[in-house]
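# A closer look at the structure
Each chain, letter by letter, is given below.
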Amino acid sequence: MSLLDVSDVRKYFPIKSGIFFQREVGRVHAVDGVSLSVEAGETLGVVGESGCGKSTLARCMTGLHEVTSGNITFDGDVRRDVQMVFQDPYGSLNPRRRIGSIIADPLVIHREGTPSSRRDRVRDLMALVGLNPEHYNRFPAEFSGGQRQRVGIARALALNPRLVVCDEPVSALDVSIQAQVVNLLKDLQAELGLTYVFIAHDLSVVRYVSDRVAVMYLGKIVEIAPGEELYERPRHPYTAALLSAASVADPDRPRDRVILRGDVPSPISPPSGCRFHPRCPKAQERCTVEEPRLMGDGHKWACHFPLEPGERLQSREVGE
Amino acid sequence: MSLLEVSGLRVTFSTPDGDLQAVRGVSFEVEAGQTLGVVGESGSGKSVSVQALLGLIPGARVEGSALFDGEQLIGMPAEKLRRIRGARIGMIFQDPLSSLHPMYSVGRQIAEAILVHRKVSKDQAWSVARERLEQVGIPAVRARDYPHQFSGGMRQRVMIAMAMALDPELIIADEPTTALDATVRAQILELLGRLGCALIIITHDLGVIADMADQVMVMYAGKPVEKAERRALFRDPRHPYTRGLLNSLPKGKERLQPIEGRPPSLLSPPTGCSFHPRCPVRIPRCPIEEPPMLGPDDHPDACWLEVGR
């Protein structure tokens, strides 16, 4: 059995209008029928652009959102064994509380140990994530962005969780600090046998940390595969376009970006059929009516006309 | 003569904790039609140095020289500077939502910029505004729409249309793609690449630099540490900080090599070379003496190790 099973999960947010009798006038289809499993010890990367539902999915996995329909089963106690690391190291720490008491929070909530044993545990955790345990009594404002993210990680690890969901853990950090935090997460995984769900929009970071990668678009998974397989042989046109648009620090890379038309459509009224069809260079009649299912074994994709291995997505213009 | 020649630029802010030197001696040139990429992490002074030239940082003490087409920008009377800004030098900012006025249609905002600088009729200004919108891929019929009716990528296109409105000789783009998604970012970079005028792109994203820049200036703690042509910078990074930045980026599955420590406080920058506390190859001279730009003219860097090369 997998550590975490997500099956046909949907999360809709109602849009209400009116002052006295609020009636529902629409729904944001944030996550719309997602199924996946996370195996113990692996890192599952989730990539996608803003509004694709990746953070909502993370919050469903950790139980911060109740799902609208579908099931999430976790092999263990969700409230203890699943923890989360947030994107914003400034917004996720209460500025008026001391670091030590922030990290001890999960222990207090779950009534673990005595005040003095908790203090020892917090000092151990601080050392584990590379913070000076003597800074126990400092306030978040006295720490830099990278150090605050370490505080967030220490807090997530306080209860010895089995699964840590990291929602854009390094996006707010500078490049040189990003690498420090990514290495820390990697080391902790090896040391503590953690399982990660790693959500990010930076494709190269996801490639580096993940064993498998899922690509989301407008609330759905469009492709999921072992990391290298996905990056080397993408089958879904959206994955291919996303990879070609990624920022790569290589001046000699051929500039054959696939320029997609337009923006991501609104998740309030997603397009019919395949949700990517209005922007897809390969879309045909069938794509506008029939929604493709996620199919395949190991490497799965949801597309009627997937790219053949070696096929290049037609780009509208070729640079240089 | 270069289009823009900046030398010895210093920007200082007075704070209750003492003087903060955000920019501590920056020199660079931009040639007509060329793209200069300025890269650095937060607090490196990359935005401040360029905005200070245009008088966009009130309360800062700006020293040094900045010749734009032969005219000295530093100390220029505000009224004269205003005639250059917008007309001959365009600006694109990171966050288009806070740079556009929410209560005026985008067409009106572009037309207004034209009316301020040119003696043309309102109709003429509007027709130029529509033309510019078409050029950046926005249908002219949307000129009467308001900023909130556009997506993030479209708003950034509006900003570009506005910056282009008066055919400036230079456009300064400050983190133009940072707030955008990958596929939209690709659209905007493609558009910026087609502008044709001189461009200064300020970014923390080495991928943008690799794509767009002709010349690159790497900044650290308020100073340039390395300048090079784009390919030379990526193929043969010389300064330990530049190398550290490039090594911090994931390349496949190799373990990342971060730069240890963190950038210094500019209230009390380190003595000598400001990178020395984090530098893996420092020598005894580094904490004592500040290295000037050394090495070949087309690829100088501020590191004492250049002396032995």
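What comes next is a walk through the structure. Values in this document were obtained by computation on a predicted structure and should not be read as measured data. (Residues numbered from 1 in each chain as written. Chains lettered and ligands numbered in written order. Predicted model: local features only at pLDDT ≥ 70, side-chain atom pairs only at ≥ 80, totals over all residues. Heavy atoms only, no water.)

## Considering the packing of helix H5 (residues 145-157) of chain A against helix H6 (residues 175-192) of chain A
Residue and element names in this part refer to chain A. Put simply, the test is: The angle between two axes is taken between their N-to-C directions and runs from 0 to 180 degrees, where each axis is a line fitted to C-alpha atoms and a helix contributes only its stretch in contact. Put simply, DSSP marks the helices as runs of H or I at least four residues long and the strands as runs of E at least two long, and each gets a number from the N terminus on. Oblique is the label for every angle not falling under 35 degrees (roughly parallel), over 145 degrees (roughly antiparallel), or within 65 to 115 degrees (roughly perpendicular). Note on convention: the crossing is left-handed when the near helix lies turned anticlockwise from the far helix by less than a right angle, right-handed when the turn is clockwise. In this analysis, two residues are considered to be in contact whenever any of their non-hydrogen atoms come within 4.5 Å of each other. Each residue receives one of three labels: charged for Asp, Glu, Lys and Arg, nonpolar for Ala, Val, Leu, Ile, Met, Phe, Trp, Tyr, Cys and Pro, and polar for the others, Gly being one of them.
For the pair H5 and H6, the least separation of the axes is 10 Å and the interaxial angle reads 20°. In terms of their interaxial angle, H5 and H6 are classed as roughly parallel. Along this stretch, H5 crosses H6, giving a crossing that reads as right-handed. On H6, the residues touching Gly146, Gln149, Arg150, Ile153 and Leu157 of H5 are Ile177, Gln180, Val181, Leu184, Leu185, Leu188 and Leu192. Here the contact of H5 with H6 is built from residues that sort into eight nonpolar, three polar and one charged.

## Overview of the nonpolar core
As a rule of thumb, soluble globular proteins bury nonpolar side chains together. We apply this condition: Nine residue types can take part in a nonpolar core, namely buried Ala, Val, Leu, Ile, Met, Phe, Trp, Tyr and Cys, and a core is a set of them joined through side-chain atoms within 4.5 Å. Accessible area is worked out with a 1.4 Å probe on protein chains only. A residue is then buried under 20% of its type maximum, exposed over 50%, and partly exposed in between.
By size, the foremost hydrophobic cluster in this structure holds 66 residues, and its most contacted members are A:Ile103, A:Val129, A:Ile153, A:Leu157, A:Leu188, A:Phe198 and A:Tyr238. A per-element tally of this core places H6(A) first, with seven residues. Not counting residues up to four positions away in its chain, the partners in contact with A:Val129 are A:Arg150, A:Ile153, A:Ala154, A:Leu157, A:Leu184 and A:Leu188. One finds B:Leu133, B:Ile138, B:Ala165 and B:Leu191 within the second-largest nonpolar core, a separate group that totals 38 residues.

## Things to note about the sheet that holds strand S7 (residues 170-174) of chain B
All names here are of chain B. Put simply, the rule is: Should DSSP find at least two bridges between two strands, the strands are taken to pair.
With mixed pairing, the six strands of this open sheet are ordered in space as S6-S7-S8-S3-S9-S10. Since the sheet does not close on itself, it has two edges, and those belong to strand S6 (89-92) and strand S10 (223-229), each with one partner. For this sheet, the mean angle separating the axes of adjacent strands, direction not counted, is 15°. Where helix H1 (residues 46-53) meets the sheet, its contacts fall on strand S3 (35-39), S7, strand S8 (198-203) and strand S9 (215-220), and the angle it forms with S8 comes to roughly 145°. Helix H10 (residues 240-248) rests against S9 and S10 of the sheet, and its axis sits at about 100° to S9.

## Quick notes on the pairing of S9(B)
All names here are of chain B. Within S9, five of the six residues are buried, which leaves it mostly tucked inside the rest of the structure. Examined bridge by bridge, S3 and S9 share four bridges and lie parallel to one another. Each bridged residue has a counterpart across the sheet, and for Gly37 the counterpart in S9 is Val216. By the bridge criterion, six bridges tie S9 to S10 in an arrangement that is antiparallel. Residue pairing in the sheet places Gln215 in a bridge with Glu229 of S10. What sits between the antiparallel neighbours S9 and S10 is a turn of two residues, in which Ala221 has the positive phi angle 50°.

## Brief notes about the pattern of salt bridges
Under the convention used in this document: Only one rule defines a salt bridge in this text: a Lys or Arg side-chain nitrogen within 4 Å of an Asp or Glu carboxyl oxygen.
Tallying each qualifying case throughout the model produces 38 salt bridges over all chains. For A:Glu229, the salt bridge identified is with A:Arg233, shortest N-O distance 3.1 Å. Here A:Glu229 falls in the partly exposed class, since its relative accessible area comes to 24%. On the basis of relative accessible area, A:Arg233 is assigned to the partly exposed category, the value being 40%. The shortest N-O distance in the salt bridge between B:Glu175 and B:Lys46 comes to 3.9 Å. Highlighted residues: B:Glu175 in the loop between S7 and helix H7 (182-193) and B:Lys46 in helix H1, separated in sequence by 129 residues. Using a relative accessible area of 7% as the deciding quantity, one classes B:Lys46 as buried. Each of B:Asp69, B:Glu71, B:Lys80, B:Arg88 and B:Glu169 takes part in salt bridges that share partners, so that together they form one network.

## Observations concerning the interface of chain A and chain B
Selection rule: Two parts lose some accessible area (1.4 Å probe) when they are put together, and adding that loss for both gives the buried area. In the analysis that follows, any N or O atom pair within 3.5 Å is treated as a polar contact, provided that within protein one partner can donate a hydrogen and the other can accept it, and provided that, for residues neighboring in sequence, both atoms belong to side chains.
The interface of chain A with chain B comprises 40 residues on the first partner and 40 residues on the second. Taking both sides of the interface into account, the surface hidden between chain A and chain B amounts to around 3,500 Å²; carbon and sulfur atoms contribute 49%. Its largest share of buried area at the contact with chain B, chain A owes to A:Val175, A:Tyr208 and A:Pro251, together 18% of the area lost on that side. With its nearest N and O atoms 3.0 Å apart, the salt bridge here joins B:Arg255 to A:Asp187. Counting across the chain A and chain B interface gives 20 residue pairs in polar contact (both at pLDDT 80 or more). Of all the elements in the fold, those that place two or more residues in the side of chain A that touches chain B are H6, helix H7 (203-209) and helix H9 (237-245) of chain A.

## Considering unusual backbone geometry
All names here are of chain B. With phi around 50°, Asp167 is a residue other than glycine that occupies positive phi space. Take Asp167: it is sitting in the loop between helix H6 (152-164) and S7. Positive phi is not limited to glycine here, since Glu175 has a value of about 50°.

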